Amino acid sequence: MTQTTPPGEAGHTGSTAAPAGADALIRLEHVNKHFGEFHALKDIDLAIPRGQVAIVLGPSGSGKSTLCRTINRLETIDDDGGRILIHGEPLPAEGRELARLRAEVGMVFQSFNLFAHKSILENVTLGPIRVKGKPKAEAERHAMELLERVGVAHQATKMPAQLSGGQQQRVAIARALAMEPQALLFDEPTSALDPEMVQEVLDVMVGLAKEGMTMVVVTHEMGFARKAGDRVIFMADGEVLEDTDPESFFTNPRHERAQDFLGKILVH
């Protein structure tokens, strides 16, 4: 694994990141993941400090989404001594503690995953009411504030199918924020969108980055990575090959696989 200067010296603020073990909100230690014979994650060691925006890049099949999904236990990891810690505590296996963790570490998927039979407002209030026990009026008031923040408050009474893909993804971000998470995971949040809808979602994410939200973002949006990221984690074949600040990665990638990746993705 290529290690350079502490990640975060370039990015949206240049000041929120810390050296790789300090104040780690999310920590992965010797994490492996197999799908049958396929070794999807290979001895991953990472620490994400509070307030950092970590961008995960790499070719298809590199393990990016699997990495993201293991952090809130949508995928389990191999039982070989590796572990994932949130706030220094190991991931709970199941039950209420796992539900609490997923409230603290929210996730935004590429396919929105909104409840089709519930209104936009109901989608955003469901978690706070059922998981956190918030009174309905309080949950709805907070939900409307969040929908206003992401620019879709006027759509609150509509059903998801009545919204564009970009609007649905902004609702999904509001839904994750409604749980008042400590961190947000984004798994290719714009890959299912039509090109003209991508920027409206990225604008919301840039705003979150500027506010200091801890974020792990799997994406192919290179402009966003350079603008909003504190750190780039480049993966290939289940391994972390580079871990550095965005400027260093985009101007002087050290690993041949990273050079090849950028050569293909930045050529237009």
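Please read all numbers here as calculations on a predicted model, not as lab measurements.

1. Re the overall build of the chain
Item 1. Scanning the chain from N- to C-terminus turns up nine helices and 11 strands.
Item 2. Taking the principal axes of the C-alpha coordinates as reference, the chain spans close to 50 × 45 × 40 Å.
Item 3. By residue count, 54% of the 268 residues in the chain fall in the buried class.
Item 4. Across the chain, contacts joining residues at least 24 apart in sequence account for 69% of those joining residues at least 6 apart.
Item 5. Total accessible area computed for the chain in this model is approximately 12,000 Å², and 48% of it derives from carbon and sulfur atoms.
Item 6. Distance between charge centres in the chain, computed from 28 positive and 37 negative side chains, equals 6 Å.

2. As for the sheet that holds strand E2 (residues 24-35)
Item 1. Strand order in the open sheet formed by four strands is E3-E2-E5-E6, and the pairing between neighbours is antiparallel. Looking at which strands have only one partner, the edges of the open sheet turn out to be strand E3 (38-49) and strand E6 (89-90).
Item 2. Where E2 lies against E3, eight bridges are found, and the strand directions are antiparallel. Of the residues in E3, the one forming a bridge with His34 is His39.

3. A word on the packing of helix H4 (residues 136-149) against helix H5 (residues 165-178)
Item 1. Where H4 meets H5, the axes come as close as 9 Å, and the angle between the chain directions of the two elements is 140 degrees. The orientation of H4 relative to H5 falls into the category oblique. The chirality of how H4 crosses H5 is right-handed. Contact residues: His142, Leu146, Leu147 and Arg149 in H4; Val171, Ala174, Leu177 and Ala178 in H5.

4. Concerning unusual backbone geometry
Item 1. If you check the backbone angles, His30 has positive phi at about 50 degrees while not being a glycine.
Item 2. Of note, His30 is situated in strand E2.
Item 3. Of note, Asp43 is a non-glycine position whose phi angle comes to about 50 degrees, a positive value.
Item 4. Assignment of secondary structure puts Asp43 in strand E3.
Item 5. What makes Asp43 partly exposed here is its relative accessible area of 43%.

5. What to know about the packing of H5 against helix H6 (residues 195-210)
Item 1. H6 packs onto H5 with a crossing angle of 20 degrees between their chain directions and a minimal axis gap of 8 Å. Classed by the angle they form, the pair H5 and H6 counts as roughly parallel. Seen along the crossing, H5 lies across H6 with a hand that is right-handed. Between H5 and H6, the residues in contact are Gly165, Gly166, Gln167, Gln169, Arg170, Ile173 and Leu177 and Met197, Glu200, Val201, Val204, Met205 and Leu208, respectively.

6. Regarding a negative patch on the surface
Item 1. There is a patch of like negative charges on the surface, built from Asp43, Asp45, Asp79, Asp80 and Glu239.
Item 2. For Glu239, the location among the structural elements is in strand E11 (residues 239-244).

7. Some thoughts on the packing of aromatic side chains
Item 1. Using the criterion set out here, one finds three aromatic pairs in the structure.
Item 2. Between Phe234 and Phe261, the ring centres sit 5.3 Å apart and the planes meet at 55 degrees, which makes this aromatic pair tilted. Of this pair, Phe234 sits in strand E10 (residues 231-236) while Phe261 sits in helix H9 (residues 256-265); the two residues are 27 residues apart in sequence, bridging distant segments of the chain.
Item 3. On the basis of relative accessible area, Phe234 is assigned to the buried category, the value being 0%.
Item 4. An aromatic cluster of three or more residues is present, and its members are Phe234, Phe249, Phe250 and Phe261.
Item 5. The ring of Phe35 is capped by Lys33, whose NZ or CZ atom sits 4.8 Å from the centre of that ring.

8. A short note on helix H3 (residues 120-130)
Owing to its 3.6 residues per turn, the α-helix brings residues three or four apart onto one side.
Item 1. The element H3 is largely enclosed, with a buried count of eight among its 11 residues.
Item 2. Within H3 the residues assigned to the buried category are Ile120, Leu121, Asn123, Val124, Thr125, Leu126, Gly127 and Pro128.

9. Considerations on the pattern of salt bridges
Item 1. Applying the stated criterion across every chain, the model contains 12 salt bridges.
Item 2. Between Lys132 and Glu180 there is a salt bridge whose closest N-O contact spans 3.5 Å. Here Lys132 is found in the loop between H3 and H4, whereas its partner Glu180 is found in the loop between H5 and strand E8 (183-187), with 48 residues between them in sequence.
Item 3. Residue Glu180 pairs with Lys134 through a salt bridge whose shortest N-O separation is 3.5 Å. Remark: Lys134 occurs in the loop between H3 and H4 and Glu180 occurs in the loop between H5 and E8; sequence separation between them is 46 residues.
Item 4. The class for Glu180 is partly exposed, based on a relative accessible area of 42%.
Item 5. The exposure class assigned to Lys134 is buried, which follows from its relative accessible area of 14%.
Item 6. Overlapping salt bridges, with partners in common, bring together Arg27, Glu29 and Arg83 in one network.

Rules and cut-offs
Residues numbered from 1 in each chain as written. Predicted model: local features only at pLDDT ≥ 70, side-chain atom pairs only at ≥ 80, totals over all residues. Heavy atoms only, no water. Helix = DSSP H or I, 4+ residues; strand = E, 2+ residues; numbered from the N terminus. Buried < 20%, exposed > 50% of the residue type's maximum accessible area, 1.4 Å probe, protein only. Contact = heavy atoms within 4.5 Å. Areas by Shrake-Rupley, 256 points an atom, 1.4 Å probe, with all protein chains shown as cover. Lys, Arg positive; Asp, Glu negative; His and termini not counted. Charge placed at Lys NZ, Arg CZ, Asp CG, Glu CD. Pairing = 2+ DSSP bridges. Axes fitted to C-alpha atoms, helices over the stretch in contact; angles between N-to-C directions. Parallel < 35°, antiparallel > 145°, perpendicular 65-115°, else oblique. Left-handed = near helix turned anticlockwise from the far one by under 90°. Patch = residues over 30% accessible without salt bridge, like charges linked within 9 Å, V, L, I, M, F, W, Y side chains within 5 Å. Salt bridge = Lys/Arg side-chain N within 4 Å of Asp/Glu carboxyl O. Phe/Tyr/Trp six-rings, centres within 6.5 Å; stacked < 30°, edge-to-face > 60°. Lys NZ or Arg CZ within 6 Å of the ring centre and 35° of its normal.

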